[in-house]
Amino acid sequence: MSETRKPFPFDEFEPKWQARWDSEKTFRTPNPGEEGFDASKPKYYVLDMFPYPSGAGLHVGHPEGYTATDIIGRYKRMKGFNVLHPMGYDSFGLPAEQYAIKTGQHPAITTAANIETFRRQLKSLGFGYDWDREIATTDPEYVRWTQWIFLEIYNSYFCEETNTARPVSELEAKGWSRDEIDNVRLAFVADTPVWWSPDLGTVLANEEVEEWKSKGHTVERRPLRQWMLRITKYAQRLIDELDTLDWPEGIKLLQKNWIGRSEGAEVAFSFLPNKMVAAEISEWKLVNEPPGEPDKFGELHIDPVKVFTTRPDTLYGATYMVLAPEHPMVGFLHPNVWPDNTPELWKGELEPARVSPYSAINAYRQACAAKSDLERGDLNKDKSGVFTGAFAVNPVNGEKIPVWIADYVMMGYGTGAIMAVPAHDERDYEFAHKYQIKIKPVVAPEAGDTFMLELLGDSQELCRDRDALLKRYATKPELYHDGLLPFHGEGIAVNSGFLDGLPTKEAKSKMIGWLVENEKGDRKIQFKLRDWLFSRQRYWGEPFPIVWKDGKHQAISDSELPLLAPPLEDYKPSGSPEPILTKATDWVQLPDGSIRETNTMPQWAGSCWYYLRYCDPSNSDRFISKEAEAYWSSNTQSSINNTQCGMVDLYVGGTEHAVLHLLYARFWHKVLFDLGHVRTPEPFQKLVNQGLIMGEDGQKMSKSRGNVVNPDDVVSAYGADSLRLYEMFMGPLEQVKPWQMKGVEGVSRFLARVWRLAVTEEGGVSPKIQDAPCSDKELLRVVSETIKKVGEDIEKLSFNTAISQMMICTNAFTQADTVPLAEFVHFLKVLNPFAPHITEEIHSRIGGEGLLSETEWPTYDESALIRTECELVVQVNGKLRDRIWMAMDAPEETAKELALASPKVQEHIDGKTMRKIIYVPGKILNLVAN
RNA sequence: GGCGGCUUGGCGGAAUGGUAGACGCGCUCGACUCAAAAUCGAGUUCCAAAAGAGUGUGGGUUCGAGUCCCACAGCCGCUACCA
């Protein structure tokens, strides 16, 4: 390939300016108390989601968000803010460790090399970061404070009275025992079913499972002892405080749905005592671990099982009960011959064949255990389950209802048991339909529903005659397919005893009242959010600052931090769930007989608080000094209310972190807030998600499709400024948009036009640039307009329209006979945040002194914007008929006269009567006639 | 299935309820050149043009709707038996 001639010598001046910004620390931001700190400046904290430094280097998605924040940061600096705009690396992670296993290189070495590449690439794009604040989550000094924060969490409990975290030392003072305290810590150990990958040698978070499976790794479910963080205690606050954040509504909703609050009731169902004969008892014992012995009469009394429901008003319609296959109570239940006290209701309705033998129950449980959640989900069209033979009692009406186990009920949500109301729940309906279980409508939709009207007959039948209803229903199975059943909406309670006639809302609260009164249940708020599985078994993560002594965990002292993982020869997973660090026997075993915790923290740990560390990155006494925390938390503006909520003014990153990272970071921040370490209740006031950049073919960029654009290639062909400008010109920041190499050429041409305005072929100053006052009013107006609009557009993050305005301005300069120097410099300043290199270069070539990056944002004269004449659009009945030049502030009478004088207008109003005239000065005159 | 987003020329995209298509790409023509590239200038929603039509579809509100309201369709993303 021949050397292509470059329209301007970006390859020479871009590295030059980058070197200068670097050596002069142009974008260094002093902290309070440091040299150069100006307390009169307001702070502005603009943050990027820091990258995981993969071996592949930057992709074009990175510079999209990074350029946006860089423009904001540079603009705010020019507007007189003390701008914090840092960058770092989320450098722990499984891929680095996998790579280490493959190559035999220590992950620290490969990670350092990757960071080196990222830093070079970031610098080649001219981002104005304060490089003195650069951090990596793997730095020992960073690890130290990650571990310190973990210990703060470990040493806290959640106080229900104050709804905040508090130190466990308070409980010690109250005389709580060691075990009692361990039960309430925000960081605790639990046996829990987790995703375990034998060949990766670690457990995986739910959301990681798919990814690693697709790479060919095996993943299985097994119960393991794990560290958990009690994020569920913060569920309500994590929902409520979203309201004060300037986040996209969609992201707020995603978080709300993830946390998944539902209101309802917990209802206790007791079981019929079953009599067992000796033979049954021994058979039952073979397959279960009985919690107790049947009494001397052979009766086993089973504790009541609680279910959660959002529809307590449908309790009368609960015709069976389902336990999750993993439900601990399943082991307590046992199929039986008919209980002696089988109510008349059930006699003859259940065939003996439908009563499952023990073996069937266990086979079913084992089959479910082998299935992953995903597989269960895939099969969700075909419900399955087995009848246990046991019966529970519907607490509200005393009816005996059969107890089934089925995998459509999940152990992980609610109590792992449900009351099934087939008439008003699709899943229950489907199941009941398949297994011929009774369906009993108890909610009538509002008037107008054909099914219900039909069932109601003379409008009273349903309530009085249940059997008639059921018979009638049995003859009409097609009603389900008509979408009439199950009816899961709100309506009027029927066939429900004391609830009859009440609308759903009132029925709910009346039923809850009844449950409370009769001690059968209680109001309950249930969340989908589960406690955060916080431990991993791999090597490349922060070790827990915990040791075990006599079977109890305890924190190591702060002075021992950072606790670093020892070097290992071999990170290869053993295939057993033992953490890799277990291999470092010397490290694990302490002289006093205690042993170190060998789990490590997940990658999220480091990213949970990095925005805090940026504020005071080299502090060795605290994770962030009080002063730095106070200053960088100040003055955040909320557009929603006047209370300041978040610390970071603007946070830009991809939607992939909409839930996990952003939820985890909010959780840690709130704990730190409760403990008095930070003063804002939230970390990120304003959040913006950049849209995905697709390949030129409109598909997601991927190696296998071969449509990946490497930013390095774009920089070498067109320069960093062109890449920056193009990524901002593609379209709205938040939108998904396809890459077009032709578009890069377009913005490159624009920059070349700017270049040629001021610089001659030989490199001298163009004679067109004249250091004289601007006599061209129209040109002055365009420049002023540009200063105004670009500033406004930057504030709105509407970069594409800002660039378009600068193109208009450039075209105006090009067309003008001379370019007044002062106006041109204004233009350069406006363009500078977008294309910092070329503007610095031109500025210095035309004799500008100092760095353009350090100048102030230009101002403009309002009067220059005022237009005296305008083109008034004349419409007849809303359709454009003519345009008339006239004075901007002409009175309606004048406008009307001029309009009526137009032949084009006359043509359309001829013979019609004028009904109305709408006049918007400077814009439009609409003549309504007929 | 649920939730969210999107739908405007050949393409990326502009439009406080007030001239639809700014700006850019592409294309056409012209200038410069021996020639090409680059550059500069003119043009470019559709229809040969006048008239007219036109922002996914169908309704509505309004003097006036891409924009607001109702219904529907298509595409994209997330989530998924959450009781």
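Anything mentioned here points back to the structure above.
Small disclaimer: the values here were computed from a predicted structure and weren't measured. (Residues numbered from 1 in each chain as written. Chains lettered and ligands numbered in written order. Predicted model: local features only at pLDDT ≥ 70, side-chain atom pairs only at ≥ 80, totals over all residues. Heavy atoms only, no water.)

Here we come to the sheet that holds strand 9 (residues 220-229). Two modes of strand pairing occur in sheets, parallel and antiparallel, and in both the strands are linked by backbone hydrogen bonds. What the four strands build is an open sheet, ordered 8-7-9-21; its pairing is antiparallel. Edge positions in the sheet fall to strand 8 (202-204) and strand 21 (532-533), since each of these pairs with one other strand and no more. Two elements, strand 7 (residues 187-197) and strand 9, share 10 bridges in a ladder whose sense is antiparallel. Residue pairing in the sheet places aspartate 191 in a bridge with arginine 225 of strand 9. (Pairing = 2+ DSSP bridges. Helix = DSSP H or I, 4+ residues; strand = E, 2+ residues; numbered from the N terminus.)

Looking at RNA strand B, there are 51 residues lining it, with Thr310, Lys383, Arg427, Arg883 and Asn926 nearest. Taking threonine 310, its main chain carries an N or O atom lying 2.5 Å from a sugar or linking oxygen of RNA strand B. Separating a phosphate oxygen of RNA strand B from a side-chain N or O atom of asparagine 811 is a distance of 3.3 Å. A breakdown of the residues in the surface near RNA strand B according to their chemical character gives 20 nonpolar, 15 polar and 16 charged. (Near = heavy atom within 4 Å. Polar contact = N/O pair within 3.5 Å; in protein donor to acceptor, adjacent residues only side chain to side chain. Nonpolar A, V, L, I, M, F, W, Y, C, P; charged D, E, K, R; others polar.)

A few words on the pattern of salt bridges. Applying the stated rule across the entire model yields 45 salt bridges. For arginine 28, the salt bridge identified is with glutamate 34, shortest N-O distance 3.4 Å. Take arginine 28: its relative accessible area is 32%, and that puts it in the partly exposed class. Among the ionic pairs, arginine 237 bridges to aspartate 674, the shortest N-O distance being 2.9 Å. Taken together, the residues span a long stretch of sequence, with arginine 237 in helix 9 (residues 235-240) and aspartate 674 in helix 24 (residues 660-674) at a distance of 437 residues. Accessibility classification places arginine 237 together with aspartate 674 in one group, the buried group. Salt bridges linked by common partners bring Arg237, Glu241, Arg666, Lys670, Asp674 and Glu682 together as one network. (Salt bridge = Lys/Arg side-chain N within 4 Å of Asp/Glu carboxyl O. Buried < 20%, exposed > 50% of the residue type's maximum accessible area, 1.4 Å probe, protein only.)

Spatially, 2-1-26-28 is the arrangement adopted by the four strands of the open sheet, whose pairing is parallel. The open sheet is flanked by strand 2 (82-84) and strand 28 (687-689), the only strands paired with a single partner. Within this sheet the neighbouring strands show an average axis-to-axis angle of 20°, counted without direction. Where helix 2 (residues 61-78) meets the sheet, it contacts strand 1 (43-48), strand 2 and strand 26 (650-653), and its direction lies at approximately 170° from that of strand 1. (Axes fitted to C-alpha atoms, helices over the stretch in contact; angles between N-to-C directions. Contact = heavy atoms within 4.5 Å.)

Attention now goes to helix 4 (residues 107-124). The end-to-end C-alpha separation of helix 4 is 25 Å, in line with the 26 Å expected for 18 residues at 1.5 Å each. Every buried residue of helix 4 is accounted for by Pro107, Thr110, Thr111, Asn114, Ile115, Phe118, Gln121, Leu122 and Ser124. Just past helix 4, the residue glycine 126 takes up positive phi, approximately 75°. (Expected span 1.5 Å × (residues − 1).)

What follows concerns the pairing of strand 22 (residues 546-549). By the bridge criterion, four bridges tie strand 22 to strand 23 (residues 552-555) in an arrangement that is antiparallel. Considered in strand 23, the bridge of tryptophan 548 is made with histidine 553. Sheet topology places strand 22 next to strand 24 (residues 595-596); two bridges connect them, and they run antiparallel. Looking at strand 24, one finds that valine 547 is bridged to arginine 596.

It is worth spelling out the nonpolar core at this point. Grouped together as the largest cluster of nonpolar side chains are 177 residues, with contacts concentrated most on Phe150, Trp668, Trp739, Phe824 and Phe834. The contacts of tryptophan 668, once residues within four sequence positions are left out, are Thr146, Ile149, Ile153, Leu229, Trp532, Phe534, Ala605, Cys608 and Trp609. Of all hydrophobic cores here, the second largest spans 57 residues; its members include Ala392, Val393, Ala417 and Ile437. (Core = buried A, V, L, I, M, F, W, Y, C linked by side-chain atoms within 4.5 Å.)

Take the environment of cysteine 870 next. Residue position: cysteine 870 is located in strand 33 (residues 869-876). Considered as a pair, cysteine 870 and methionine 886 are 16 residues apart in the sequence and their alpha carbons are 5.7 Å apart. Excluding its chain neighbours within four sequence positions, the residues that come into contact with cysteine 870 are Ile884, Trp885, Met886, Ala887, Met888 and Gly922.

Let's shift gears to empty space enclosed by the protein. In total, this model carries two cavities of 30 Å³ or more according to the counting rule given. Here the largest cavity defines a volume of roughly 60 Å³. Along its surface, the largest cavity is lined by Phe27, Thr29, Asp70, Gly73, Arg74, Arg77, Val83, His85, Gly128, Tyr129 and Asp130. It is helix 2 that contributes the most residues to the lining of the largest cavity, four residues altogether. (1 Å grid on protein atoms, 1.4 Å probe; cavity = no way out; pocket = protein on both sides within 12 Å on 5 of 7 lines; lining within 4 Å. Points joined across faces, edges and corners; volume = space filled by probe spheres on them.)

Summed over all chains, the structure comprises 51 aromatic pairs. Taken together, the aromatic side chains of Phe150, Tyr154, Phe158, Trp227, Tyr234, Trp532, Phe534, Phe544, Trp604, Tyr664, Phe667 and Trp668 make up a single cluster linked through ring pairs. One Lys or Arg, arginine 74, reaches over the ring of tryptophan 21 and ends 4.9 Å from the middle of that ring. Positioned over the ring face of tryptophan 587 is arginine 596, at 5.2 Å from the centre of the ring. (Phe/Tyr/Trp six-rings, centres within 6.5 Å; stacked < 30°, edge-to-face > 60°. Lys NZ or Arg CZ within 6 Å of the ring centre and 35° of its normal.)

Moving on to helix 29 (residues 799-815). The first and last C-alpha atoms of helix 29 sit 24 Å apart over 17 residues, in line with the 24 Å expected at 1.5 Å per residue. Along helix 29, the residues classified as buried are Phe799, Asn800, Ala802, Ile803, Gln805, Met806, Met807, Cys809, Thr810, Ala812 and Phe813.

Looking now at the packing of helix 2 against helix 28 (residues 777-795). Contact geometry of helix 2 with helix 28 gives a least axis separation of 10 Å together with a crossing angle of 125°. In terms of orientation, helix 2 lies oblique with respect to helix 28. Crossing hand, helix 2 versus helix 28: left-handed. Contact with helix 2, carried on its side by Ile71, Ile72, Tyr75 and Lys76, involves Gly791, Ile794 and Glu795 of helix 28 and no other residues of that element. Of the residues belonging to the contact of helix 2 with helix 28, the class tally is four nonpolar, one polar and two charged. (Parallel < 35°, antiparallel > 145°, perpendicular 65-115°, else oblique. Left-handed = near helix turned anticlockwise from the far one by under 90°.)

Any functional reading would require information that these geometric values do not contain.
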